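Notes for the structure review
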Amino acid sequence: QAGLTQPPSVSKGLGQTATLTCTGNSKNVGNQGAVWLQQRQGHPPKLLSDWNNDRPSGISERFSTSRSGKTASLTITGLQPEDEADYYCSAWDSSLSGVVFGGGTKLTVL
Amino acid sequence: QVQLQQSGPGLVKPSQTLSLTCAISGDSVSSNSAAWNWIRQSPSRGLEWLGRTYYRSKWYNNYAISVKSRITINPDTSKNQFSLQLNSVTPEDTAVYYCARDRTGDLHFDSWGQGTLVTVSS
């Protein structure tokens, strides 16, 4: 069961901007923020951004993150066909002393 | 470049023990900054973190509450790998299991194994 809440699906047009949200509580997202992962069909997840909003090398600047209170957001600008994937957020939960994930958002690029 | 190579059986009988190994190249299981995780994924449960092991002058483990009574994650410094053991499995444990490196200890999951589909069935 997901500890963080993500919308199941988002659809946007080619070249548009998509903003995906991830809502937790004061013990996880509200405490240290979230990390974001992209998963394409048949592949392991890939890190897009860590807690410090740092992107690993090779991750496009079109991906950016932010946080407001208990909600973290991933914004993808200039949507491309290859952005079509599942996106997951993750955070450390201090009350559980463990990692929690969101249920994932399936992004469709029309 | 870090690579993680998983090995282990794809079929386990109910009530038995699931055992997987993750061999590390390009880093050390004894790294003082990284943490070594097991994560699984199933259609019903999504991504689920199982636990991790890491070294900070001594060895530490953290386990998910949902599996805490059944799980052991062990480092093997002689082979530079770490393992997962999950006891008393049921069909609910059927999932794709991943090992993953957290490079900084802050959920910087930058390297993943290839994934192993483990089916629990008689």
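About the criteria used
Residues numbered from 1 in each chain as written. Chains lettered and ligands numbered in written order. Predicted model: local features only at pLDDT ≥ 70, side-chain atom pairs only at ≥ 80, totals over all residues. Heavy atoms only, no water. Helix = DSSP H or I, 4+ residues; strand = E, 2+ residues; numbered from the N terminus. Rg over C-alpha atoms; globule rule 2.2 N^0.38 Å. pLDDT = per-residue confidence, 0-100. Pairing = 2+ DSSP bridges. Axes fitted to C-alpha atoms, helices over the stretch in contact; angles between N-to-C directions. Salt bridge = Lys/Arg side-chain N within 4 Å of Asp/Glu carboxyl O. Buried < 20%, exposed > 50% of the residue type's maximum accessible area, 1.4 Å probe, protein only. Contact = heavy atoms within 4.5 Å. Buried area = accessible area lost by both parts, 1.4 Å probe. Polar contact = N/O pair within 3.5 Å; in protein donor to acceptor, adjacent residues only side chain to side chain. Nonpolar A, V, L, I, M, F, W, Y, C, P; charged D, E, K, R; others polar. Disulfide = S-S within 2.5 Å.

1. Some thoughts on the overall build of chain B
If you tally the helices and strands in chain B, you get zero helices and eleven strands. Taken from the N to the C terminus, the helices and strands of chain B come in the order β-β-β-β-β-β-β-β-β-β-β. A compact globule built from 122 residues should have a C-alpha radius of gyration of about 14 Å, and chain B, at 14 Å, falls within 12% of that. Dimensions of chain B, computed from C-alpha atoms along their principal axes, come out at roughly 40 × 25 × 25 Å.

2. A closer look at the confidence of the model for chain A
Mean pLDDT for chain A: 94, with 98% of residues reaching 70 or above. Of all helices and strands in chain A, the one with the weakest mean pLDDT is helix H1 (residues 29–32) of chain A (93), whereas strand E2 (residues 18–23) of chain A scores best (98).

3. A few points about the sheet that holds strand E1 (residues 3–7) of chain B
Residue and element names in this part refer to chain B. The four strands are arranged E1-E3-E8-E7 in an open sheet whose pairing can be described as antiparallel. The sheet is open, and its two borders are formed by E1 and strand E7 (71–76), each paired with just one other strand. Strand-to-strand twist in this sheet, taken as the mean axis angle between neighbours without regard to direction, amounts to 20°. Looking at chain direction, E7 and strand E8 (residues 81–86) are connected through six bridges and run antiparallel.

4. Examining the pattern of salt bridges
Residues and elements named next belong to chain B. According to the stated counting rule, one finds nine salt bridges over all chains in the structure shown. We note a salt bridge from Glu-48 to Arg-40, for which the minimum N-O separation is 2.8 Å. Judged by relative accessible area, which is 10%, Glu-48 ranks as buried. The residue Asp-93 makes a salt bridge to Arg-70 at a minimum N-O spacing of 2.9 Å. With Asp-93 in the loop between E8 and strand E9 (95–102) and Arg-70 in the loop between strand E6 (59–63) and E7, the pair connects residues that are 23 residues apart, well separated along the chain.

5. Comments concerning the sheet that holds strand E6 (residues 71–76) of chain A
Residue and element names in this part refer to chain A. Strand order across the open sheet formed by three strands is E2-E6-E5, with antiparallel pairing between neighbours. Strand pairing shows two members of the sheet lacking a second neighbour, E2 and strand E5 (63–68), which therefore form its edges. Each neighbouring strand pair of the sheet contributes to a mean axis angle of 20°, computed without reference to strand direction. Bridging between E5 and E6 involves six bridges; their strand directions are antiparallel. Among the inter-strand pairings, Ser-68 is bridged to a residue of E6, identified as Thr-71.

6. Digging into the interface of chain B and chain A
Residue-level contacts link 18 residues of chain B with 20 residues of chain A. Each partner contributes to the roughly 1700 Å² buried at the junction of chain B and chain A, and carbon and sulfur atoms together form 67% of this total. On the chain B side of the interface with chain A, the three residues burying the most area are Leu-47, Trp-49 and Leu-107 of chain B, jointly 35% of the side's total. There are zero salt bridges connecting chain B and chain A. Applying the counting criterion to the chain B and chain A interface returns four residue pairs in polar contact (both at pLDDT 80 or more). For the side of chain B that touches chain A, the secondary structure elements donating two or more residues are strand E4 (35–42), strand E5 (46–55) and strand E10 (109–112) of chain B. Considered class by class, the residues forming the side of chain B that touches chain A number eight nonpolar, five polar and five charged.

7. Regarding the state of the cysteines
All names here are of chain B. Evaluated as defined, the whole model comprises two disulfides over all chains. Paired by a disulfide, Cys-22 and Cys-99 hold their sulfur atoms 2.1 Å apart. Given an S-S torsion of about 65°, the disulfide between Cys-22 and Cys-99 has right-handed geometry. Remark: Cys-99 occurs in strand E9 and Cys-22 occurs in strand E3 (residues 18–25); sequence separation between them is 77 residues.

8. What to know about the pairing of strand E7 (residues 85–93) of chain A
Residue and element names in this part refer to chain A. Burial within E7 is extensive, with eight of its nine residues counted as buried. Both strand E3 (residues 35–39) and E7 contribute to a ladder of five bridges, which runs antiparallel. Note on E7: the bridge partner recorded for Gln-39 is Asp-86. Direction of pairing for E7 relative to strand E9 (residues 105–109): antiparallel, over a ladder of three bridges. Residue pairing for E9: Ala-85 is matched across the bridge by Leu-107.

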